[in-house]
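Residue-level listing of the chains:
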Amino acid sequence: MIRLALLAALLAPAASFAQDTLAARIDRQIESRARAENVPLAPLADDAEFLRRVTLDFAGRIPTAEAARRFLADPEPKKREALLDTLLASSDYSTRMTDLFSVMLMERLGEHAEWSKWLKASFEKNKPWNVMAREMLRADPKDATNVGAAFWLAKRLENYGQNPVDYSGLTRDVGRLFLGKNFQCCECHDHLFVEDYKQQHFQGLHTFFRSTYLVNAAKLQVGENPLAAKTNFASVFTKVMMATGPGLPGMMALDVPTFAKGMEFAEPPDKKSGFPGVPKFSTLAAVSEKLPRADNPDFARNMANRLWFALLGRGLVHPLDMHHSKNTGSHPELLDLLAKEFAAKNFDMKWLLREIALSKTYQRSSRVPAGIEPPDEKLFAVALEKRLTADQLLQSVLAATGTDAKSAEALRPKFLKAFANQPREPEDEIAPSLKAALFLLHDEAVLALLKPANGNLADRLAKLPDAQVAAELYLAILTRPPTAD
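Residues numbered from 1 in each chain as written. Predicted model: local features only at pLDDT ≥ 70, side-chain atom pairs only at ≥ 80, totals over all residues. Heavy atoms only, no water.

### So, the environment of Leu 478
Part 1 of the reasoning: Tracing the backbone shows Leu 478 in helix 21 (residues 466-478).
Part 2 of the reasoning: Given the relative accessible area of 38%, Leu 478 is considered partly exposed.
Part 3 of the reasoning: A C-alpha to C-alpha distance of 9.1 Å links Leu 478 and Ala 65, two positions 413 residues apart in sequence. (Helix = DSSP H or I, 4+ residues; strand = E, 2+ residues; numbered from the N terminus. Buried < 20%, exposed > 50% of the residue type's maximum accessible area, 1.4 Å probe, protein only.)

### A closer look at unusual backbone geometry
Part 1 of the reasoning: Residue Pro 319 is bonded to the preceding His 318 through a cis peptide linkage, with omega at 0°.
Part 2 of the reasoning: Of note, Pro 319 is situated in the loop between helix 13 (297-312) and helix 14 (332-344).
Part 3 of the reasoning: A positive phi angle, close to 55°, is found at Asn 126, a residue other than glycine.
Part 4 of the reasoning: Note that Asn 126 resides in the loop between helix 7 (113-124) and helix 8 (129-138).
Part 5 of the reasoning: At Asn 454, a position not held by glycine, the phi torsion is positive, near 40°.

### Quick word on the packing of aromatic side chains
Between two aromatic rings, the relevant description is the distance of the centres plus the angle of the planes.
Part 1 of the reasoning: Tallying each qualifying case throughout the model produces 17 aromatic pairs.
Part 2 of the reasoning: Ring centres 6.1 Å apart and planes at 80° place the aromatic pair Phe 419 and Phe 439 in the edge-to-face group. Here Phe 439 lies in helix 18 (residues 434-442) and Phe 419 lies in helix 17 (residues 407-419), a separation of 20 residues in the sequence.
Part 3 of the reasoning: With a relative accessible area of 17%, Phe 419 lands in the buried category.
Part 4 of the reasoning: On the basis of relative accessibility, which here comes to 10%, the residue Phe 439 falls in the buried class.
Part 5 of the reasoning: Taken together, the ring pairs in this structure connect Tyr 93, Phe 101, Phe 123, Trp 129, Trp 152, Phe 178, Phe 299, Phe 342 and Phe 347 into an aromatic cluster. (Phe/Tyr/Trp six-rings, centres within 6.5 Å; stacked < 30°, edge-to-face > 60°.)

This is the structure in C-alpha cells:
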C-alpha cells in the first residue's frame, strides 16, 4: 500500500500537467521567459480594459455604454469567460472574423460579395482552417456551395491592361499567407540572406499555379490547362539547369503524368456553358490536398502565429511571413505547442482563439509597471497596442455615438480610403497618417454623427443632468468611468 501511495504521489504532478488547459500552458511559457530575462509582468487588465479589448477582438467594435455598465457592475467571478463565450456565439464574431481574414488574406486587393458571404458562412459554421484553405486553393468550378472561396485565386489571376497575369505574385502569396514563408526573392536564385529559402521552393510552388487561368472574373470561375511538363529553371548565378514538378517546401515534388493528346481531361471543357473542364492531373486539386494538412508543419505554424498576432498585436515569429531556422521566434516552444494543439483539434480556430483569450498573457494590462522601462515587445510582459482595421474603427465610431448601423454603408468607403493600406501592404503595424486625422476632423458625414438625433449619444447627453454627463461620455467612448481627475 505504501508503494502504491508513493507511486500515486509521484504521478500526480504529471497527470495534473497533462490536464492543464492550453491557456495555462501558454502562461507558463510566457512567464518562464520573463523570469529568465528578469522582466516584471504587468498585472491583469481591469474589467474595463478587458471588456474593451475582447469586444474589439471578437465583435469588431467597442462595447456600448449599456454593455459596459452591465459588465462593470456584474459581481460574477467568471464573468470574463462568460463574456468571451457570449461573443464567440454571437453573429458579431463571424462578422469580425470576415473582416480580419479578408484583410489578412486579400490585403486590400479587392472585395466581392460572394467572398464575404463565403467567409461569413464559414465562420458561422466554425469551418476548420484546413477546409477553408482547401476550398480557396482548389477553386473548384463544380462546387456551387463555395463559389466565394475562388475569389482568393481568381483575383490574383486577373491581368491589368497589357500586363500579364502576375503568377510570381500569386506564388509569393501562397508561400506567405498559407506557409508563413516569403519566397519572393527566390524566383531567380536561392535567397541571399535566408539560407532555408531556395529557388526550388519558389519554382515548385509556382508549378502548381502556372497552368491556371481566369475564365470569368464576375463568376469567380478559374480554369486549368493540363500541365504537360516539369518547370525548367536555372539560378542567374550558376546557370545550371534544373527541373521540378509541383512541390511544397520540405516535401517531395510530384511527378507530372503524361496522357495521350486529347485525353488529358477527366471532364472536358464545354465552350457552350463556359465550363473550363477538369484535367486528369489537376495541380489545383493536388495543392489543395497536399498543403493544408496536419503533417505539413508550416501550415499549422503559420495560422497559429497569425491568430496569436491578431489577439496579442505581434507574432511569436515576426514578420509573420518570415518563418525560418534563423528566425524561430520569441518563444519557439510555445509556437510549436500552439501549432501542434491546433492541428490536433482539427484546425478549430474558434477553440484556439478562445484558449489564447483565456490566458493571463492576453488579459494583461497595457500599463507598464511603475519604475521600469517598457519591456521588449517580444516578451509579451505588457499588453501591446494593436492596429484596428478600417471596419473596426467605423463600427466603434458608430457604437460610441449611438448611431444606427445603417449609416455604415455610406461611411464605409470613406473609412477605407482614410485608414486602409494600399493593395498588397499587410496591415500589421500602427501607421497614423495626416490624411486620417484630417478626415476625422473635417468630414461632414463624420461630424454629423455628433449632432443630436433619435436617442444617439449627443441626444442622450443633452437630456442628462450635468453631473451625469462625464460618466456617460466616458462609458460610451472610453469604456470606463471617469476618475476624479
